[in-house]
Amino acid sequence: MARETKYLTTVEPVKEYSWWGEWTDAPATVNNVAYKRAMATSTCGYDLYREYLVKRQYKYFRADVGIADDTEDASETEVHVVNEEGRVLERATVRPGTPVSFDVPIDDVLRLRLLVVEGAAGLARWYGATLA
């Protein structure tokens, strides 16, 4: 088992999909709180994801997900944490001003996928995402 906590912004994804835009790792402000480590995609309309090879070396995936305060669109967005078999480990709907926290056991997970479901997908920000 890996013992150190790693921010996902320091781990290279093995796969990502963002339709015609791109994923970015940049600071974001969500619900009036500034976060140095945040991930987002710049597109919407399709399922978007980032996938990481975690090799069953971590016990937990932890992150908060929210809509950035400077987003013009006030749509809600559904996000999922998925394993290599496509099984949803955790899901939530995020709305402006109401971020959601994830604390997901992943000790049996080989690949971890962070999925933003079709719709206003480009609005969601994963911030403080760690493997522990």
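Refer to the structure presented above.
Residues numbered from 1 in each chain as written. Predicted model: local features only at pLDDT ≥ 70, side-chain atom pairs only at ≥ 80, totals over all residues. Heavy atoms only, no water.

Engineer: Looking at this model, I keep getting lost on the pattern of salt bridges. Mind explaining?
Structural biologist: Working definition: two side chains of opposite charge can pair if their charged atoms are close together. Counting across every chain of the model gives eight salt bridges. The shortest N-O distance in the salt bridge between R62 and D103 comes to 2.9 Å. Pair noted here: R62 is in strand β8 (residues 60-67) and D103 is in strand β11 (residues 100-105), with a separation of 41 residues, a long-range link. By relative accessible area, which is 47% here, D103 ends up partly exposed. As a salt-bridge pair, E78 and R91 come within 3.8 Å of each other at their nearest N and O atoms. Of this pair, E78 sits in strand β9 (residues 77-82) while R91 sits in strand β10 (residues 88-94), and the two are 13 residues apart along the sequence. Given the relative accessible area of 30%, E78 is considered partly exposed. When salt bridges with common partners are traced through the structure, they connect E16, D25 and R50 into a single cluster. (Salt bridge = Lys/Arg side-chain N within 4 Å of Asp/Glu carboxyl O. Helix = DSSP H or I, 4+ residues; strand = E, 2+ residues; numbered from the N terminus. Buried < 20%, exposed > 50% of the residue type's maximum accessible area, 1.4 Å probe, protein only.)

Engineer: Whenever I open this one, the environment of Y49 confuses me. Can you help?
Structural biologist: Examined against the element boundaries, Y49 turns out to sit in strand β7 (residues 48-53). We classify Y49 as buried; its relative accessible area is 13%. Along the backbone, Y49 and S18 are 31 residues apart, and their C-alpha atoms lie at a distance of 6.7 Å. Each residue touching Y49, except ones within four places of it in the same chain, is listed here: K15, E16, Y17, W23, R113, L114 and L115. (Contact = heavy atoms within 4.5 Å.)

Engineer: Is there a simple way to think about the sheet that holds β9 in this case?
Structural biologist: Backbone hydrogen bonds are what pair the strands of a sheet, in a parallel or an antiparallel way. The strand order across the open sheet built from five strands is β2-β7-β12-β9-β10, with neighbouring strands paired in antiparallel fashion. Each of the sheet's edge strands pairs with one partner strand only, and the pair in question is β2 (15-17) and β10. With strand direction ignored, the average angle separating the axes of adjacent strands in the sheet is 10 degrees. Note: β2 against β7, three bridges, orientation antiparallel. Of the residues in β7, the one forming a bridge with E16 is R50. (Pairing = 2+ DSSP bridges. Axes fitted to C-alpha atoms, helices over the stretch in contact; angles between N-to-C directions.)

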